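Close look at the chain arrangement
Chain by chain, the residues:
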Amino acid sequence: MLEALWTKRALLVSGKGGVGKSTLAATLARAAVRAGHTVLLAEVTPSMEGPSVLGPLVGAKGPGTEVTPVEPGLSFLRISAASGHRRFLEDVLPMRLMADAALRSRALRRFLEAGPSLRELGLMYQMLDLVRQTRPDGRALYPLCVMDLPATGHALAMASLPRAILSLLPGGPIGRAVREGLEFLQDPVRTAVLLATLPEPLPVSEALQLAGEVRRLGMPLAAALLNRMPANPFPTPESRAALDKLLAASGPHEGSRALSRLAVAETSRARLEQGVATPLLCLPDLLASGPALVEQLAAALIPLNARLSRKEAP
């Protein structure tokens, strides 16, 4: 499954807050670099206020307002609505100086920041601009972009709110940009959406709802990422039956709470797998944090992918 994901131009990682979405986006980028691919890891944010959450997970230095090399094969960038607006104006106005002058207009800046659709248009346009860029020999400058999308509402708005713009401005440079952006977001050859969640009832319910919205908007849902899945030390019915017999004889035990959590996680995993009807990658619950956690999860993705591939083979 990972090999199929690495052929895309953009992997869009979405999910509710608190499920480790940024960690999983960084993990995918690290795994792709390990597989020999050149990756741009992008943090899609409506505003550049505050420090980056994603950059430190891969060791990126600086504000990330420009593409920043992290190591061979991996670069980092923060995508913002304001940067997308600038790129759009630079493309449609005959001279860059005119774009700079336009953005110095307080009235224009307020207009671009006022409407939700225009903010999402800025984010979409910069994403599209990254995919468009090529080297002198015609090859893609950023062949694989792993994009950590903002809060779920903003992510869905990039595919839904621009339709309102099309109804008002079906032609012209704005209409063309919106159409091109929507075609990119809905193209299963170039784009894949991955939903991040936790093995708990409420996060799984939210992920299933998000999966329905993604499909309704025509975006290609490629996989679900189940984060912090506890390990099952009793994987066979025989081992679990022996444990239950031992616990029944010994009475209340400190391990009962861990077993209860494991049961909830297994039930949540089965519900998610059935509900999303896409490949499911379960990433382990590890003690590490920050860049060390990203490195360990990236290493864990390889055997996980091999087991999933064997499971799906006829």
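These figures come from a predicted structure and were not determined experimentally.

A few points about the side chain of Asp148
Relative to the helices and strands, Asp148 is located in strand S5 (residues 144-148). Judged by relative accessible area, Asp148 falls into the buried class, the value being 3%. Within the local environment of Asp148, its side chain forms a polar contact with the side chain of Lys21, the two groups lying 2.7 Å apart. A polar contact is formed between the side chain of Asp148 and the side chain of Ser22, at a distance of 2.5 Å.

Quick notes on the sheet that holds S5
Read across the open sheet, the eight strands follow the order S3-S4-S2-S5-S1-S6-S7-S8; overall the sheet is mixed. Edge positions in the open sheet fall to strand S3 (68-71) and strand S8 (280-284), since each of these has one partner strand only. When strand polarity is set aside, the average angle formed by the axes of neighbouring strands in this sheet is 25 degrees. Relative to strand S7 (residues 221-229), strand S6 (residues 191-197) runs parallel, the two being bridged by five bridges. Across the sheet, the residue bridging to Ala196 is Leu225, located in S7. This element, helix H2 (residues 21-34), spans strand S1 (10-14), strand S2 (39-45), S3, strand S4 (74-80), S5, S6, S7 and S8 of the sheet and lies at about 165 degrees to S5. Relative to S6, helix H10 (residues 201-216) is tilted by about 160 degrees, and along the sheet it contacts S1, S6 and S7.

Let's talk about the environment of Val276
Among the structural elements, Val276 can be located in helix H12 (residues 255-276). Exposure remark for Val276: the relative accessible area of 1% places this residue in the buried category. When the C-alpha positions of Val276 and Leu210 are compared, they lie 9.7 Å apart, and in sequence the two are 66 residues distant. Excluding anything up to four places from it in sequence, Val276 contacts Leu208, Ala211, Arg215 and Ala224.

Structural notes on the side chain of Thr45
In this fold, Thr45 is placed in strand S2. When near neighbours in sequence (up to four residues on either side) are disregarded, Thr45 contacts Arg78, Ile79, Ser80, Ala81 and Leu123.

Brief notes about the confidence of the model for the protein chain
Per-residue confidence for the protein chain gives a mean pLDDT of 82, with 76% of residues at or over 70. Below pLDDT 50 for its whole length, residues 306-310 participates in five contacts with residues either more than four positions away or in separate chains.

Description of H2
Between its terminal C-alpha atoms H2 stretches 20 Å, which fits the 20 Å expected from 14 residues at 1.5 Å a residue. For H2, a buried count of 13 out of 14 residues is recorded, marking the element as mostly surrounded by other parts of the structure. Gly36 sits one or two residues past H2 and shows a positive phi near 95 degrees.

Thresholds, definitions, all that
Residues numbered from 1 in each chain as written. Predicted model: local features only at pLDDT ≥ 70, side-chain atom pairs only at ≥ 80, totals over all residues. Heavy atoms only, no water. Helix = DSSP H or I, 4+ residues; strand = E, 2+ residues; numbered from the N terminus. Buried < 20%, exposed > 50% of the residue type's maximum accessible area, 1.4 Å probe, protein only. Polar contact = N/O pair within 3.5 Å; in protein donor to acceptor, adjacent residues only side chain to side chain. Pairing = 2+ DSSP bridges. Axes fitted to C-alpha atoms, helices over the stretch in contact; angles between N-to-C directions. Contact = heavy atoms within 4.5 Å. pLDDT = per-residue confidence, 0-100. Expected span 1.5 Å × (residues − 1).

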